[in-house]
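Report on the structure
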Amino acid sequence: MRKKTAFLGIFVLSVLALAGAASPAFAQDPARKILYSLEPGETIMKAESMMALTAEGTDLTLVTTKGAGDQGPFFVFRDGARKGPFADLKDAMAAAYAGGKMSSENKRDCAAYTPDPVPDDTQPNITEEESGMTLQFKGVSLGPHFLILLNSLTPDGARAYITAMDNDKSWLECSDGRKVSFGGTPGDLKVSPDGKNAAVLVTGSYSMNAMNDLGKLPPDKMAAAFKEMDKKYLYTIDGKKFGPFDSFDSSSFWFPKMTNDLYFRVGDQVFRNGAPMMKAESLDPCNFYPSVDGKSYAMFDYSNITFSDGEKYPSPLDVRAYQEKGKTVFKWIALENNKDLVAYQRTM
């Protein structure tokens, strides 16, 4: 996995009140490191503070106050040293970010994969003629089809994917020659980090011709047909089909950043490549970090970060996961006892 520094503005301090004291077992954990301890009456200014969590370590820049709201005195913690007091917030900010500037990426990392934007000069060419719509990509033609709905290029520029519809069927196609057909209307298209796997969310199972003929059905069969039109399915570029699902949307399926496996969730059941993996009453793909082999994971909410072996820790402000020597390393930061900002590291 590419080691990428992602900056986190400490905007999630609403969870801090829920972050309780570490248990004695956690306090003895050798992977636990206190980064900073707040003094009595000192609070972190969330909009002005940042941290960078990487595989190599943690860079922390805090702006704190002992006053109410934006009232001072202010303090700065940077490069392992605390400075202040500063009477003016501008002076504190200048000390905090001397020689640099705040990142605009003040948000948590998301464990679900989202492709980086593709440069404009690499966009494929779509033509429309009497025979239909065709996408041209590196000498390969995808189509013609009555309608090309979506197209997606892999970030490395190696492959193009499309979803399309004809009167008698719909399509998911790749420029490497793979294609699958199905009934229904294609929706959201998602591609794996390596660009070799893709899945499309499909509504219903009727072709355009079949939908045009629904008015000819008797009332009892028409009711069943309309019910079928609300069903959801997943189709992969390798020809796998999952469903039907009664309640399923774009957030219900994803590819994690660290793996090219397709994950989806139906009710409280989480599936990996179609096989049941685990159950969770609630799960946000952004907060779910599976290992590459799918045998372990970490997931968190506003109460805890929970590991697949049952261990729980106070809810994190941020999490990173990466591969090292064949194992998955989880790193996270949490505020404990409303006082100690702590970094954890755990290998599974």
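Reference entry: report on the structure contained in this document.

Considering the packing of aromatic side chains
Counted according to the given criterion, the structure contains 20 aromatic pairs. Both rings, one in Phe307 and one in Tyr313, keep their centres 5.9 Å apart while their planes meet at 80 degrees; by these two values the pair is edge-to-face. Classification of Tyr313 as buried rests on a relative accessible area of 3%. An aromatic cluster of three or more residues is present, and its members are Phe242, Phe245, Phe248, Phe253, Phe264 and Phe271. In this structure, Arg346 is placed above the aromatic ring of Phe307, and the distance from its NZ or CZ to the ring centre is 4.7 Å.

A look at the state of the cysteines
On inspection of all chains with the given rule, the structure shows one disulfide. Here Cys110 connects covalently by a disulfide to Cys286, the sulfurs 2.0 Å from one another. One disulfide, between Cys110 and Cys286, carries an S-S torsion of -85 degrees and so falls in the left-handed class. Of the two residues, Cys110 sits in the loop between α2 (89-96) and β8 (125-129) while Cys286 sits in the loop between β22 (275-279) and β23 (288-290), which places them 176 residues apart along the sequence. Taking the relative accessible area as the measure of exposure, Cys286 reaches 25% and is therefore partly exposed.

With respect to the environment of Asn151
In this structure, Asn151 sits in strand β11 (residues 147-153). Note on Asn151: relative accessible area 33%, which makes it partly exposed. With ten residues separating them in the primary sequence, Asn151 and Tyr161 have C-alpha atoms 5.4 Å apart. If we skip the residues at most four places from it in the chain, Asn151 touches Pro124, Ile126, Leu135, Tyr161 and Ile162.

Structural notes on the sheet that holds β8
Sheet architecture is open: three strands sit in the order β8-β9-β10, paired in antiparallel fashion. Edge positions in the sheet fall to β8 and β10 (140-145), since each of these pairs with one other strand and no more. For this sheet, the mean angle separating the axes of adjacent strands, direction not counted, is 20 degrees. As paired elements, strand β9 (residues 132-137) and β10 share four bridges and run antiparallel to each other. Bridge pairing in β10 places Phe137 opposite Val140.

Here's the deal with the sheet that holds β11
One open sheet holds the four strands; their spatial order is β11-β12-β13-β14, and the pairing between them is antiparallel. Looking at strand neighbours, the two that pair on one side only are β11 and β14 (179-182), the edges of this open sheet. Here the average twist between neighbouring strands, direction ignored, is 10 degrees. Here strand β12 (residues 160-165) runs beside strand β13 (residues 170-174); their pairing, made up of five bridges, is antiparallel. Bridge assignment links Tyr161 to a residue of β13, and that residue is Cys174.

Quick notes on the pairing of β22
Moving residue by residue along a regular strand, the side chains alternate between the two faces of the sheet. Alignment of strand β21 (residues 269-272) against β22, held across four bridges, turns out to be antiparallel. Residue pairing for β22: Phe271 is matched across the bridge by Pro276. Once β21 ends, the chain turns through two residues before running back antiparallel as β22, passing Asn273 with a positive phi of about 55 degrees.

Some details on a nonpolar patch on the surface
Nonpolar side chains collect at one region of the surface, where Phe146, Leu147, Leu149 and Leu150 lie side by side and expose about 320 Å² of accessible area between them. Residue position: Leu150 is located in strand β11.

Focus: unusual backbone geometry
Of note, the amide linkage connecting Gly143 to Pro144 takes the cis form, showing an omega dihedral of 5 degrees. Looking at the secondary structure, you find Pro144 in strand β10. With an omega of 10 degrees, the peptide bond between Gly243 and Pro244 qualifies as cis. Its location among the elements puts Pro244 in strand β18 (residues 241-245). Within the chain, Asn337 stands out as a residue other than glycine whose phi angle is a positive 60 degrees. If you trace the backbone, Asn337 turns up in the loop between β28 (327-336) and β29 (340-347). Positive phi values are uncommon outside glycine, yet Asn338 reaches one of about 55 degrees. The residue Asn338 is located in the loop between β28 and β29 in this model.

Thoughts on the pattern of salt bridges
Here the structure, examined in full by the defined rule, presents 13 salt bridges. Across the pair Lys66 and Glu39 runs a salt bridge, and its minimum N-O distance is 2.7 Å. One end of the pair, Lys66, is in the loop between β5 (58-65) and β6 (74-78); the other, Glu39, is in the loop between β2 (33-37) and β3 (43-44), with 27 residues separating them in the sequence. With a relative accessible area of 32%, Glu39 lands in the partly exposed category. Residue Arg82 is joined to Glu42 by a salt bridge in which the shortest nitrogen-to-oxygen separation is 3.4 Å. A residue pair is termed long-range when its members are at least 10 positions apart, and Arg82 in strand β7 (residues 81-86) and Glu42 in the loop between β2 and β3 qualify at 40 residues. Since its relative accessible area comes to 5%, Glu42 is described here as buried.

Calculation notes
Residues numbered from 1 in each chain as written. Predicted model: local features only at pLDDT ≥ 70, side-chain atom pairs only at ≥ 80, totals over all residues. Heavy atoms only, no water. Phe/Tyr/Trp six-rings, centres within 6.5 Å; stacked < 30°, edge-to-face > 60°. Buried < 20%, exposed > 50% of the residue type's maximum accessible area, 1.4 Å probe, protein only. Lys NZ or Arg CZ within 6 Å of the ring centre and 35° of its normal. Disulfide = S-S within 2.5 Å. Helix = DSSP H or I, 4+ residues; strand = E, 2+ residues; numbered from the N terminus. Contact = heavy atoms within 4.5 Å. Pairing = 2+ DSSP bridges. Axes fitted to C-alpha atoms, helices over the stretch in contact; angles between N-to-C directions. Patch = residues over 30% accessible without salt bridge, like charges linked within 9 Å, V, L, I, M, F, W, Y side chains within 5 Å. Areas by Shrake-Rupley, 256 points an atom, 1.4 Å probe, with all protein chains shown as cover. Salt bridge = Lys/Arg side-chain N within 4 Å of Asp/Glu carboxyl O.

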